[in-house]
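Survey of secondary and tertiary structure
In case you want the letters, here they are:
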Amino acid sequence: MVQFDNVERKENLSYAIGYYRKKKGYSQEQMAERLGISRQHLASVEAPGMDRGVSLELLFNIAAVLEIEPYLLLKFRLEK
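These numbers were taken from a predicted model, which means no experiment stands behind them.

**Re the packing of aromatic side chains**
Counted by the stated rule, this structure contains 3 aromatic pairs. Each ring, one from Tyr19 and one from Tyr20, has its centre 5.0 Å from the other, and the planes form 80 degrees; the classification is edge-to-face. What makes Tyr19 partly exposed here is its relative accessible area of 41%. A centroid spacing of 6.1 Å and a plane angle of 70 degrees characterise the contact between Tyr20 and Phe76, whose relative ring orientation is edge-to-face. Of this pair, Tyr20 sits in helix H1 (residues 7–24) while Phe76 sits in the segment after helix H5 (70–75); the two residues are 56 residues apart in sequence, bridging distant segments of the chain. Judged by relative accessible area, Phe76 falls into the buried class, the value being 14%. An aromatic cluster of at least three residues, connected via ring pairs, comprises Tyr19, Tyr20 and Phe76.

As structure tokens, then:
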């Protein structure tokens, strides 16, 4: 059986959501309200170590609220 290691990709997605949210000037509370989710849910999505799965629906909604294309969230790479 093939083993997939997507830890780094999920971490980059978490950082991307936080990065673009801050760039847009939204607090977690403001963005969560626009998304129709709790601030705690958004915080767990943005926390790199939480391993909270993000549905495509939520990913698309986040991109819409941030007024960016969804691929930008997926191609984000943290500068190391």
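**Regarding the nonpolar core**
The biggest cluster of nonpolar side chains holds 20 residues, and the ones touching the most others in it are Ile17, Tyr20, Met31, Ile62, Leu66 and Leu73. When residues of this core are traced back to their parent elements, those giving at least two are H1, helix H2 (28–35), helix H3 (39–46), helix H4 (56–66) and H5. Of the residues forming this core, the biggest block, 6 residues, is contributed by H4. Not counting residues within four places of it along the chain, the set of residues in contact with Met31 comprises Ile17, Arg21, Tyr26, Leu42, Ile62, Val65 and Leu66.

Cut-off values and rules
- Residues numbered from 1 in each chain as written.
- Predicted model: local features only at pLDDT ≥ 70, side-chain atom pairs only at ≥ 80, totals over all residues.
- Heavy atoms only, no water.
- Phe/Tyr/Trp six-rings, centres within 6.5 Å; stacked < 30°, edge-to-face > 60°.
- Buried < 20%, exposed > 50% of the residue type's maximum accessible area, 1.4 Å probe, protein only.
- Helix = DSSP H or I, 4+ residues; strand = E, 2+ residues; numbered from the N terminus.
- Core = buried A, V, L, I, M, F, W, Y, C linked by side-chain atoms within 4.5 Å.
- Contact = heavy atoms within 4.5 Å.

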